[in-house]
Amino acid sequence: MPDAPVTDGAQHGDAASKRRVPIDAPQFDVAAKHPDRAAAAVAAAFFVSLVAFVGFGAAYWQNAKNYWLGITLGVGMLAFGYGLAAWGKYLMPRGPFEEPRQLMETKKEEKELLIADFAVRGRVAVKRRGFLVKFMGAAAGVFGIVALFPLLRSLGPLPGKKLYKTTWRKGSYLTSIDGKRVKVSDVDVGGIMTVFPESDVGGALSQTVLLHVQDGGSVVTMKGRESWGPQGFVAFSKVCTHAGCPVGLYEELTQQLLCPCHQSLFDIYAGAVPVFGPAPRPLPQLPLYIDSSGHIRAQAGYDEPIGPGFWERGGTT
Amino acid sequence: MIDKLFGWVDDRLAVSRGGRHLLNKIFPDHWSFMIGEIALYSFIVLVLTGIFLTLYFVPSAHDVVYQGSYKPLQGQTVSEAYNSTINISFAVRGGLLIRQMHHWGANIFVGSIVVHMLRVFFTGAFRKPREVNWMVGATLLILAIFNGFLGYSLPDDLISGTGIRISFSILESVPIVGSYLAFFLFGGAYPGTAIIPRFFIIHVLIIPLVIFGLLGAHLGMLVRHKHTQFRGRGAREDNVVGTPMWPGFIAKTTGFLFLTTGVTALLGALIQINPIWLYGQYYPYKVSYAVQPDWYMGWLDGALRVMPSWEIHFPGHMIPNAFFPAILLPGITFTLIYMWPMIEAKLTRDTSEHHLLDRPRDRPMRTALGAAVFAFYFVLFGASADDVLANYLSLSLNFVLWTFRVLCIVVPIIVFPVAYKICKELQTAPLAGKRKSHNVVMRTAEGAYVAVPVEQYPGYQEEELEPVDVDEVDLVSALAADAETNPPGVYRVPREYR
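A closer look at the overall build of chain A
A tally of regular secondary structure across chain A gives four helices and eleven strands. Rg of the C-alpha trace for chain A: 38 Å, well past the compact-globule value of 20 Å for 317 residues, more than 25% over. Taken over the C-alpha atoms alone, chain A extends approximately 105 × 75 × 50 Å along its principal axes. When burial is assessed residue by residue, chain A has 43% of its 317 residues classed as buried. A separation of at least 24 residues holds for 56% of the contacts in chain A among residues at least 6 apart in sequence.

Structure (structure tokens):
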């Protein structure tokens, strides 16, 4: 509701027009209807806070449970705060009071004066000393650039090829988190296991899910990957191509992998292509083979960068 | 004694010159002006509880064997960060309370900043001359969100560790410099051991210092401009009507500081938050179900979830999927927030100063636009719980995700006209929202019934008094007759007026 602004004729700052406000003006009444009751309530609040704070001290001394410490502290603070706020709200002059406010907008002359002062003094200071300004600027500029090196460059190494390669190599044994080389017999059909190269157990980037998706037979997820899934085993990078979370949930019924962070679903038999959610690319597949002793090993490392995308990665479908 | 001390200080700092002005500073009364105070006071709670936590927290990713009192973890290899957080929770006296108060305080801090910002937006308090202060406030919001995320990440537990992994991926997704940014922040490839100590020093020193500085600027500008106020009670563009700083406002606001602290303490005492001993230590290959960040990161997490699986590929380079929801969206959001005062001034061709606030209904376009935009982020926030909702409601994840994708677009389109219409309707009902006076129904001697308004406390609420200029209040002379008992300079209301 746009009230018409009250145009009260009071002029501010003019000593002659200053009117004294009589002390019996209603603005100086306390706000409470029943000041005595309000004062009693405030006193009660302070008393409660006193008791609660004593309780807090006792609770701390006795090493009481968390909730006793918190309740005594909280009740004490609330009662104390209520007492103060109620005192301010009910037992002080109800007002309202006002003070004048100067608008921020300055006069044209004020602006011009400042600008003129700044410009004139500045001109005197740099008069015929233009070359000093240039030298100073050059020195400061060089410092600014040089200072960036220790600030930025020392923070970490350049990415180099680290985002492209994992520690998987040709012949790497698939190794479980307790450091044991994984054999065919270690994972039942429908089973899932997180595996690493032997040299990098627990590695954040080399983590791979080994899945026993069917009882024997070669699992062909894609053309050109005929030999990658021997005896019903397949392995994919466990790092989600969306935001890097571990793709840890395996649904045997639908043969899908689920990332629990943002719910991307990957179809295992189609080469872990994303079928749902925000993940944009399939999980890279680790080519496997089974050696004569029954150990599952990698034919080679991943043939593409694992995990989420980055600028230099370039396009792969 | 006090006179002497005051005299000593005053002779050296001239406190009394200008000090009276400070005592007289007027604070307009309206409940919505207290929201910013909640932010300020929860920041104080955060600083105090945070100092306590730094005494015990060890910011290190190195391994130790847990040997504390919590049985399920005994003998496990955990990081020093996780170990010390567990010890704060179980071994340090009062540690769990302070830790939970700190976490609750962070949630309240960001929450009150957001609500304060909505208040400033919908009442038009950001208009000239307060545009810069609006931007400082927006920066404070960004810093608060960042620092909340950093602090949440420090305990190195399974849930927050996943968040750190996502933040690496998000940094990595920035075009051109992304992988460099990520490597420089993390000190190398993910995960490394540098991130916990780095997050720690950013969390406890760098960002708090910047927040301190900007808070000073925020409040300094507030003093310079003086407060905005709603119309009524003699409020004009060239005055401020309300309660003077001393003693009324000081009592109320200090009380409010304790109320904020008290609520935080009760939350910390009674409502468990972030029980990291249940989550366990973070390992990069482990993950938990229903991974969710603190609420203020929810809109970003939701955006990551509803984003379709698109990426931009061109020869040799790419723009990853996470860039759009996690870098571009917040980028656009905060650019719009920063620019809004200028955008609105341009649209309304309004270049004059404003110190009187708008009621939201009087600016239906702004209100409807703000409500629609806010609704969009609210839907994103909801989307960050899509897996939990699907589970809870026994719906397919597919259905829930697509529902949120549709709602993102549909809800703002519905909210806009509805909010606009509500504003227009409210405009035609001038008394809507005002407190109604009570009536008593009386029966007259003739048997007729009449409604008689209840007699109010004289002058209270209904009768709006003229504001009294604080500079004109000269109680000293008014009390001159009483000068013996009331020494000059003491602001005291005589007994009979109490």
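Remarks on the sheet that holds strand β1 (residues 26-27) of chain B
Strand order in the open sheet formed by four strands is β1(B)-β4(B)-β1(A)-β9(B), and the pairing between neighbours is mixed. Single-partner strands in this sheet number two, and they are β1 and β9 (468-469) of chain B. As defined by bridge partners, strand β1 (residues 97-100) of chain A adjoins β9 of chain B across two bridges and the pair is classed as parallel. Bridging from a neighbouring strand, Glu-98 of chain A pairs with Asp-469 of chain B of β9 of chain B. On top of the sheet, helix α10 (residues 245-270) of chain B reaches β1 and β4 (239-244) of chain B; it is set at about 70 degrees to β4 of chain B, its chief contact.

Points about the interface of chain B and chain A
The partner chain A presents 96 residues to the 122 residues of chain B that form the contact. Taking both partners together, chain B and chain A bury about 9,800 Å²; carbon and sulfur atoms supply 63% of that area. The interface formed by chain B and chain A holds one salt bridge in total. Residue Arg-281 of chain A pairs with Glu-311 of chain B through a salt bridge whose shortest N-O separation is 2.9 Å. Counting across the chain B and chain A interface gives 32 residue pairs in polar contact (both at pLDDT 80 or more). Among the elements that line the side of chain B that touches chain A, the one with the most residues is α10 of chain B, at 16 residues.

Examining the pattern of salt bridges
Residues and elements named next belong to chain B. Considering all chains together, one arrives at 17 salt bridges over all chains under this definition. Across the pair Asp-358 and Arg-363 runs a salt bridge, and its minimum N-O distance is 3.2 Å. Looking at Asp-358, the relative accessible area reads 7%, which means it is buried. Taken together, the salt bridges that share partners define one network made up of Arg-127, Glu-344, Asp-358, Arg-363 and Arg-366.

Observations regarding the packing of aromatic side chains
To describe a pair of aromatic rings, one takes the distance between the centres and the angle between the planes. The tally for this structure, following the rule as stated, stands at 34 aromatic pairs over all chains. Both rings, one in Tyr-164 of chain A and one in Phe-310 of chain A, keep their centres 5.4 Å apart while their planes meet at 80 degrees; by these two values the pair is edge-to-face. With Tyr-164 of chain A in the loop between α4 (130-152) and β2 (174-175) and Phe-310 of chain A in the segment after β11 (296-298), this residue pair connects regions lying 146 residues apart in the sequence. For Tyr-164 of chain A, a relative accessible area of 23% corresponds to the partly exposed category. Given the relative accessible area of 1%, Phe-310 of chain A is considered buried. Ring-pair connections join several aromatic residues into one group, and the members of that group are Phe-121, Phe-122, Phe-126, Trp-134 and Trp-340 of chain B. Residue placement shows Lys-161 of chain A over the ring face of Tyr-164 of chain A; its charged tip is 4.3 Å from the ring centre.

Comments concerning the pairing of strand β7 (residues 439-443) of chain B
Residues and elements named next belong to chain B. Taken together, the five bridges between β7 and strand β8 (residues 449-453) define a ladder with antiparallel strand orientation. Bridged to Asn-439 within β8 is Pro-453. Following β7, the chain reverses through five residues before pairing antiparallel with β8; Gly-447 in that reversal takes a positive phi of roughly 100 degrees.

Some words on the packing of helix α13 (residues 323-348) of chain B against helix α14 (residues 364-383) of chain B
Residues and elements named next belong to chain B. Following both chains from N to C, one finds α13 and α14 inclined at 170 degrees, their axes separated by 14 Å at the closest point. When the interaxial angle is binned, α13 and α14 end up roughly antiparallel. Contact residues: α13 offers Leu-329, Thr-333, Trp-340 and Glu-344, while α14 offers Arg-366, Leu-369, Phe-376, Tyr-377 and Leu-380. For the contact of α13 with α14, the residue count by class is six nonpolar, one polar and two charged.

A few points about the state of the cysteines
A covalent bond between the sulfur atoms of two cysteines is what we call a disulfide. Counted under the stated rule, the structure contains one disulfide over all chains. The disulfide that involves Cys-245 of chain A links it to Cys-261 of chain A, with 2.2 Å between the sulfurs. The sign of the -90 degrees torsion about the S-S bond sets the Cys-245 of chain A-Cys-261 of chain A disulfide as left-handed. On the criterion of sequence distance, the pair formed by Cys-245 of chain A in the loop between β5 (233-237) and β6 (249-251) and Cys-261 of chain A in the loop between β7 (256-258) and β8 (265-267) is long-range, its members being 16 residues apart. Residues Cys-245 of chain A and Cys-261 of chain A agree in their burial class; the two are buried. Counting only cysteine sulfurs, Cys-261 of chain A is the nearest neighbor of Cys-408 of chain B, a cysteine outside any disulfide, at a range of 19 Å. Look at Cys-408 of chain B and you get buried, because its relative accessible area is 9%.

Things to note about the sheet that holds strand β9 (residues 273-276) of chain A
All names here are of chain A. Ordered by their spatial adjacency, four strands build an open sheet running β6-β7-β8-β9, and the pairing between neighbours is antiparallel. Of all the strands in the sheet, the pair left with one neighbour each is β6 and β9. Geometrically, the sheet is characterised by an average inter-axis angle of 35 degrees between neighbouring strands, direction not taken into account. Across three bridges, β6 lies against β7 in antiparallel orientation. In the strand pairing of β7, Tyr-250 is matched with Leu-257.

A word on unusual backbone geometry
Residues and elements named next belong to chain B. A cis geometry characterises the amide bond from Lys-128 onward to Pro-129, with omega recorded as 5 degrees. Summarising the element assignment, Pro-129 is placed in the loop between α5 (95-122) and α6 (131-153). In this model, Ile-176 sits at a positive phi of 70 degrees, which is unusual for a non-glycine residue. Turning to its location among the elements, Ile-176 is positioned in the loop between α7 (158-172) and α8 (178-186). Positive phi values are uncommon outside glycine, yet Ser-394 reaches one of about 55 degrees.

Thoughts on the environment of Ile-206 of chain B
Residue and element names in this part refer to chain B. Inspection of the secondary structure puts Ile-206 in helix α9 (residues 195-225). Under the relative-accessibility criterion, Ile-206 is labelled partly exposed at 42%. Separated by 85 residues in the primary sequence, Ile-206 and Val-291 have C-alpha atoms spaced 28 Å apart.

Observations regarding the environment of Ser-167 of chain B
Residue and element names in this part refer to chain B. Tracing the chain through its elements places Ser-167 in helix α7. A residue is classified by how much of its surface remains accessible, and Ser-167, at 16% relative accessible area, is buried. Through-space distance from the C-alpha of Ser-167 to that of Ala-182 is 8.7 Å; in sequence the pair is 15 residues apart. If we ignore the near neighbours within four places in the chain, the residues touching Ser-167 are Phe-149 and Phe-186.

Rules behind the numbers
- Residues numbered from 1 in each chain as written.
- Chains lettered and ligands numbered in written order.
- Predicted model: local features only at pLDDT ≥ 70, side-chain atom pairs only at ≥ 80, totals over all residues.
- Heavy atoms only, no water.
- Helix = DSSP H or I, 4+ residues; strand = E, 2+ residues; numbered from the N terminus.
- Rg over C-alpha atoms; globule rule 2.2 N^0.38 Å.
- Buried < 20%, exposed > 50% of the residue type's maximum accessible area, 1.4 Å probe, protein only.
- Contact = heavy atoms within 4.5 Å.
- Pairing = 2+ DSSP bridges.
- Axes fitted to C-alpha atoms, helices over the stretch in contact; angles between N-to-C directions.
- Buried area = accessible area lost by both parts, 1.4 Å probe.
- Salt bridge = Lys/Arg side-chain N within 4 Å of Asp/Glu carboxyl O.
- Polar contact = N/O pair within 3.5 Å; in protein donor to acceptor, adjacent residues only side chain to side chain.
- Phe/Tyr/Trp six-rings, centres within 6.5 Å; stacked < 30°, edge-to-face > 60°.
- Lys NZ or Arg CZ within 6 Å of the ring centre and 35° of its normal.
- Parallel < 35°, antiparallel > 145°, perpendicular 65-115°, else oblique.
- Nonpolar A, V, L, I, M, F, W, Y, C, P; charged D, E, K, R; others polar.
- Disulfide = S-S within 2.5 Å.

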